[in-house]
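# What the coordinates show
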Amino acid sequence: MAVNLVLSFALAILISSSPTAVGVDATEELKEAVLTLDAGNFSEVVAKHPFIVVKFYAPWCGHCKQLAPEYEKAASILRKNELPVVLAKVDAYDERNKELKDKYGVYSYPTIKIMKNGGSDVRGYGGPREADGIVEYLKRQVGPASLKLESAEEAAHSVVDKGVILVGVFPEFAGMEYENFMVVAEKMRADYDFFHTSDASILPRGDQSVKGPIVRLFKPFDELFVDSEDFGKDALEKFIEVSGFPMVVTYDADPTNHKFLERYYSTPSAKAMLFVSFGDDRIESFKSQIHEAARKFSGNNISFLIGDVADADRVFQYFGLRESDVPLLFMIASTGKYLNPTMDPDQIIPWLKQYIGTSCPLISNYGNLTPYVKSEPIPKVNDQPVKVVVADNIDDIVFNSGKNVLLEFYAPWCGHCRKFAPILEEIAVSLQDDQDIVIAKMDGTANDIPTDFTVEGYPTIYFYSSSGNLLSYDGARTAEEIISFINENRGPKAGAAAAVDEKTQIDAVEEEDTDGLYTAYNRDY
């Protein structure tokens with residue numbers, strides 16, 4: 001079966017159950033630095049604040065727990081700011097808040113949104129995750145969109161090697177170029193820092209004699225700075241997005257890389273991910289080769305990443321990768337997933353040529369890579385009422401068994417799954433004497449899920465009939481309802497199916513048997 005591609009995994013934490021959040025009223029919200037919002041009060045509270053920051057979290061999320069005290073400390077400071085900044089939170093896994101989660105595109109935890117003008121202007125938060133950094137970042141968001149630089153000292157302090165910095169150079173702070181720069185600065189300020197000056201000589205890099213108008217983009221990667229003289233609003237935005245994105249994204253603990261990772265995983269392209277220990281004595285060779293690969297294969301719709309294995313534990317767990325295979329190059333593409341373990345730097349480009357040949361065999365002599373599938377081991381004994389399905393046996397148990405199969409996708413940490421487990425067991429015991437029905441379960445966190453199935457949460461239940469119909473089950477999670485659903489949608493029993501097939505074959509022969517010889521033979525013998 002095809003591999004289910006999940007491209008937003010790097011910043012996401014898999015879904016689990018959570019306790020129901022308690023709504024708050026206007027009186028309660030004043031008692032805490034971080035306001036607690038839910039579906040009942042969200043619109044009212046957001047509408048009355050011209051600038052509010054909302055953290056969408058899950059109670060079980062380790063990163064959310066780590067952020068919580070920093071977020072609370074920042075809220076205490078910012079509420080006393082000259083221009084007060086309000087910080088709030090929403091339990092995004094509370095079922096009652098599902099519409100809020102969907103509306104604001106919350107696919108990973110924590111997700112932070114900046115909401116302005118009563119919620120009519122919503123932007124992502126691209127700042128630090130510690131209290132001081134949160135405070136500094138958000139103060140900038142409520143101040144001017146672009147700050148004026150007047151000295152080399154100010155420029156040196158502002159144009160630092162952390163993130164992407166835009167500086168507009170203008171002979172005078174007026175005119176179409178300056179106005180468009182300010183409009184774009186206001187629009188993109190959540191992701192980038194903007195400054196303007198009339199003196200290019202104070203800037204740390206680039207031609208210091210220019211008078212402008214120009215926009216100089218500083219960045220801590222690739223060529224370090226790029227200039228543009230196109231001040232059309234759309235052109236300026238595109239220049240920032242393209243030039244401000246690294247050729248090779250870095251996956252590590254640095255929060256300034258988070259916005260690059262979010263864009264990396266949301267871009268519709270194949271993903272080439274090199275994971276290596278950044279303490280490896282060959283790290284510079286690995287960096288050099290992955291950058292060369294990014295330049296060489298820029299026209300093949302591949303996005304590149306280099307990650308420090310020390311910070312990639314969730315990635316490895318999610319994909320079933322092993323640290324013993326590091327350095328490894330992992331590829332996610334529409335044709336599947338591919339893995340090259342324990343590799344040397346000079347193997348990167350040849351292996352990518354093989355991948356390109358695998359994905360486009362008509363244009364290359366390469367193309368012998370075998371797709372990688374994450375799977376738990378096939379159970380040696382599988383004799384319990386509820387059968388265990390893994391990626392390596394799903395074809396045998398579900399698609400090729402000729403039986404009616406009810407399959408639950410679950411997560412070990414999911415409270416709803418634990419609650420459903422005895423019900424699934426009851427169904428399996430009730431139907432265990434029916435040889436044409438299989439009740440099964442699959443750990444969706446430990447196995448690749450075929451694209452035949454859409455699994456957006458746990459538990460997710462599907463039914464595959466012996467006649468080949470695949471149905472999702474969205475009814476009540478009771479044994480009675482599910483058994484009724486199975487009986488209503490099951491295919492013919494194996495014996496009945498065989499009889500039907502035999503009769504069909506006989507009828508077909510009889511139609512061609514003009515002399516009646518086959519009919520007589522079948523009747524007599």
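Residues numbered from 1 in each chain as written. Predicted model: local features only at pLDDT ≥ 70, side-chain atom pairs only at ≥ 80, totals over all residues. Heavy atoms only, no water.

Another aspect to go through is helix α15 (residues 479-489). Within the span of α15, buried status applies to Ala479, Ile482, Ile483, Phe485 and Ile486. All buried residues of α15 lie within an arc of 155° about the axis, which places them on one face of the element. Exposed residues pointing more than 90 degrees away from the buried face of α15 are listed as Glu480 and Glu488. Buried residues along α15 sit in contact with β17 (404-410), α14 (415-430), β18 (437-443), β19 (460-464) and β20 (470-473). (Buried < 20%, exposed > 50% of the residue type's maximum accessible area, 1.4 Å probe, protein only. Helix = DSSP H or I, 4+ residues; strand = E, 2+ residues; numbered from the N terminus. Arc of directions from axis to C-beta. Contact = heavy atoms within 4.5 Å.)

Turning our attention to the pattern of salt bridges. Pairing of side chains with opposite charge becomes possible as their charged atoms draw close. Summed over all chains, the structure comprises 18 salt bridges. Asp121 is the partner of Arg123 in a salt bridge, and the nearest nitrogen-oxygen pair spans 2.8 Å. When the shortest N-O distance is used, the salt bridge between Arg295 and Glu292 registers 3.3 Å. Of this pair, Arg295 and Glu292 both sit in helix α10 (residues 283-296), three residues apart, which is roughly one turn of the helix. Several salt bridges converge on common partners, so that one network encompasses Lys116, Asp121, Arg123, Glu186 and Arg189. (Salt bridge = Lys/Arg side-chain N within 4 Å of Asp/Glu carboxyl O.)

An order of β16-β18-β17-β19-β20 is seen for the five strands of this open sheet, with the pairing classed as mixed. In the strand order of this sheet, the two ends are held by β16 (386-388) and β20, each with one partner. The sheet shows a mean angle of 30° between the axes of neighbouring strands, taken without regard to direction. In the sheet, β17 pairs with β18 via seven bridges, with the strands oriented parallel. If you follow Glu408 over to β18, its bridge partner there is Lys441. Strand contacts of α15: β17, β18, β19 and β20, with the helix running at about 160° to β20, the strand carrying the most contacts. (Pairing = 2+ DSSP bridges. Axes fitted to C-alpha atoms, helices over the stretch in contact; angles between N-to-C directions.)

A word on the confidence of the model for the chain. Averaged over the chain, the pLDDT score is 84; the fraction of residues at 70 or greater is 86%. The lowest-confidence element of the chain is helix α17 (residues 517-524), averaging 32 in pLDDT; the highest-confidence one is β19, averaging 97. Confidence drops under a pLDDT of 50 for residues 496-525, and excluding neighbours within four residues, the segment shows seven contacts in the predicted structure. (pLDDT = per-residue confidence, 0-100.)

The next thing to look at is the sheet that holds strand β1 (residues 34-37). By way of backbone hydrogen bonds, the strands of a sheet pair with one another, either parallel or antiparallel. The strand order across the open sheet built from five strands is β1-β3-β2-β4-β5, with neighbouring strands paired in mixed fashion. One side of each edge strand has no neighbouring strand; the edge strands of this open sheet are β1 and β5 (121-124). Each strand of the sheet is rotated relative to its neighbour by a mean of 30°, with strand direction disregarded. Two elements, strand β2 (residues 51-57) and strand β3 (residues 86-91), share six bridges in a ladder whose sense is parallel. Considered in β3, the bridge of Val53 is made with Leu87. Of the strands in this sheet, β1, β2, β3 and β4 (111-116) are in contact with helix α3 (residues 62-78), which crosses β2 at around 165°.

Another aspect to go through is the packing of aromatic side chains. All told, the structure shown has 26 aromatic pairs when counted by the stated rule. Both rings, one in Phe170 and one in Phe231, keep their centres 5.8 Å apart while their planes meet at 55°; by these two values the pair is tilted. Highlighted residues: Phe170 in the loop between β7 (165-169) and α7 (176-188) and Phe231 in the loop between β10 (225-228) and α8 (233-243), separated in sequence by 61 residues. The burial state of Phe170 is the same as that of Phe231; both residues are buried. Within the aromatic cluster, the residues linked to one another by ring pairs are Phe170, Phe173, Tyr178, Phe181, Phe194 and Phe231. Seen from the ring of Tyr57, Lys55 lies directly overhead, with NZ or CZ sitting 5.5 Å from the centre. Of note, Lys287 hangs over the ring of Phe278, and the distance from its end group to the ring centre comes to 5.4 Å. (Phe/Tyr/Trp six-rings, centres within 6.5 Å; stacked < 30°, edge-to-face > 60°. Lys NZ or Arg CZ within 6 Å of the ring centre and 35° of its normal.)

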